[in-house]
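# Structural features, examined
Each chain is listed here by its residues.
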Amino acid sequence: MIFRARLLRGSKTLDQEVELPADQNVHGARRFRIGSQSAEAQCEEITPGVYSLLIDGRPFEAYISKRPGDATGLATPYVVVVGLRRYLVELRDPRRWCRAGSSFEAEGPQEIVAPMPGRIVKVLVAEGEEVQRDQGLLVIEAMKMQNELRAPRAGRVERVYAAEGSGVETGARLVRLG
């Protein structure tokens, strides 16, 4: 799974792409990537919100919580404390954006891309077709779950790149709206 993450530490803000694969090796470690750096980590929850981490052989203890008054879930930031460093971490799930749409109307052509690797089950639109905001464009299956990708705005389908039954990787172009 690939997320967009915003890390805030003091006055510094860093936006990164975070890849957290579901598979692990025989020793229980998982390879992960933050930006261009990757590492291997083992993680055990000691108590709720307290984790013992072994990252590339180096031990760490992390405390993860929400700020008082914040809602649960990915939409609100996490407070992460590792040693003497305190971070505010916001995760943005690309699938959430596809379901919720965008808070603004984009101008000009817009590429709709695969938010996750999967297989195209059904293409719901054709080239030249006019679509409304939130109208289904196609159905993608990932990990035995089907997700309908919807139009973030009204427009005309200029190009359909995806074909039913084909496999796609995260970020693959699926549909172009004009």
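Reading guide: rules and limits
Residues numbered from 1 in each chain as written. Predicted model: local features only at pLDDT ≥ 70, side-chain atom pairs only at ≥ 80, totals over all residues. Heavy atoms only, no water. Core = buried A, V, L, I, M, F, W, Y, C linked by side-chain atoms within 4.5 Å. Buried < 20%, exposed > 50% of the residue type's maximum accessible area, 1.4 Å probe, protein only. Helix = DSSP H or I, 4+ residues; strand = E, 2+ residues; numbered from the N terminus. Contact = heavy atoms within 4.5 Å. Pairing = 2+ DSSP bridges. pLDDT = per-residue confidence, 0-100. Salt bridge = Lys/Arg side-chain N within 4 Å of Asp/Glu carboxyl O. Phe/Tyr/Trp six-rings, centres within 6.5 Å; stacked < 30°, edge-to-face > 60°. Lys NZ or Arg CZ within 6 Å of the ring centre and 35° of its normal. Polar contact = N/O pair within 3.5 Å; in protein donor to acceptor, adjacent residues only side chain to side chain.

## Observations concerning the nonpolar core
- Membership of the largest hydrophobic core comes to 20 residues, with the highest contact counts inside it found for I120, V131, L138, I140, V157 and L174.
- Take this core: its biggest share by element is four residues, from strand β12 (residues 136-142).
- Look past the residues within four positions of I140 in its chain and what remains in contact with it is A114, M116, G118, R119, I120, V121, M145, Q146, N147, L149 and V168.

## Describing the sheet that holds strand β10 (residues 118-123)
- Judged by pairing direction, the sheet is antiparallel, and its four strands sit side by side in the order β13-β12-β10-β15 without closing on themselves. Either end of the sheet is taken by a strand with one partner, and the two such strands are β13 (145-150) and β15 (167-168).
- Relative to β13, β12 runs antiparallel, the two sharing six bridges. The residue bridging I140 from the neighbouring strand is N147, located in β13.

## Digging into the confidence of the model for the protein chain
- Scored by pLDDT, the protein chain comes out at a mean of 81, with 83% of its residues at no less than 70.
- The least confident element of the protein chain, judged by mean pLDDT, is helix α1 (residues 94-100) at 49; the most confident is strand β11 (residues 130-131) at 94.
- Under a pLDDT of 50 for its full length, residues 97-106 has, in the predicted model, 14 contacts with residues more than four places off or in other chains.

## Things to note about the pattern of salt bridges
- Under the counting rule described, the total for this entry stands at nine salt bridges.
- When the shortest N-O distance is used, the salt bridge between R33 and E17 registers 2.7 Å. Within this pair, whereas R33 is found in strand β3 (residues 30-34), its partner E17 is found in strand β2 (residues 12-19), the two being separated by 16 residues in sequence.
- Residue classification places E17 among the partly exposed residues on the basis of a relative accessible area of 29%.
- Linked through salt bridges whose partners overlap, the residues forming this network are E111, R156, E158 and R176.

## Description of the packing of aromatic side chains
- Within this structure, the stated rule accounts for zero aromatic pairs.
- Positioned over the ring face of Y78 is K66, at 3.7 Å from the centre of the ring.
- Its guanidinium or amino end placed over the ring of Y161, R173 lies 4.4 Å from that ring's centre, counting from NZ or CZ.

## Remarks on the side chain of Q110
- Relative to the elements of secondary structure, Q110 occurs in strand β9 (residues 110-113).
- There is a polar contact of 3.0 Å between the side chain of Q110 and the side chain of R153.

## Quick notes on the sheet that holds β11
- Across the sheet, which stays open at both edges, the four strands sit in the order β9-β16-β14-β11 with antiparallel pairing between neighbours. In the strand order of this sheet, the two ends are held by β9 and β11, each with one partner.
- Note that β9 and strand β16 (residues 173-177) share four bridges and pair antiparallel. By the bridge assignment, Q110 is partnered in β16 with L177.

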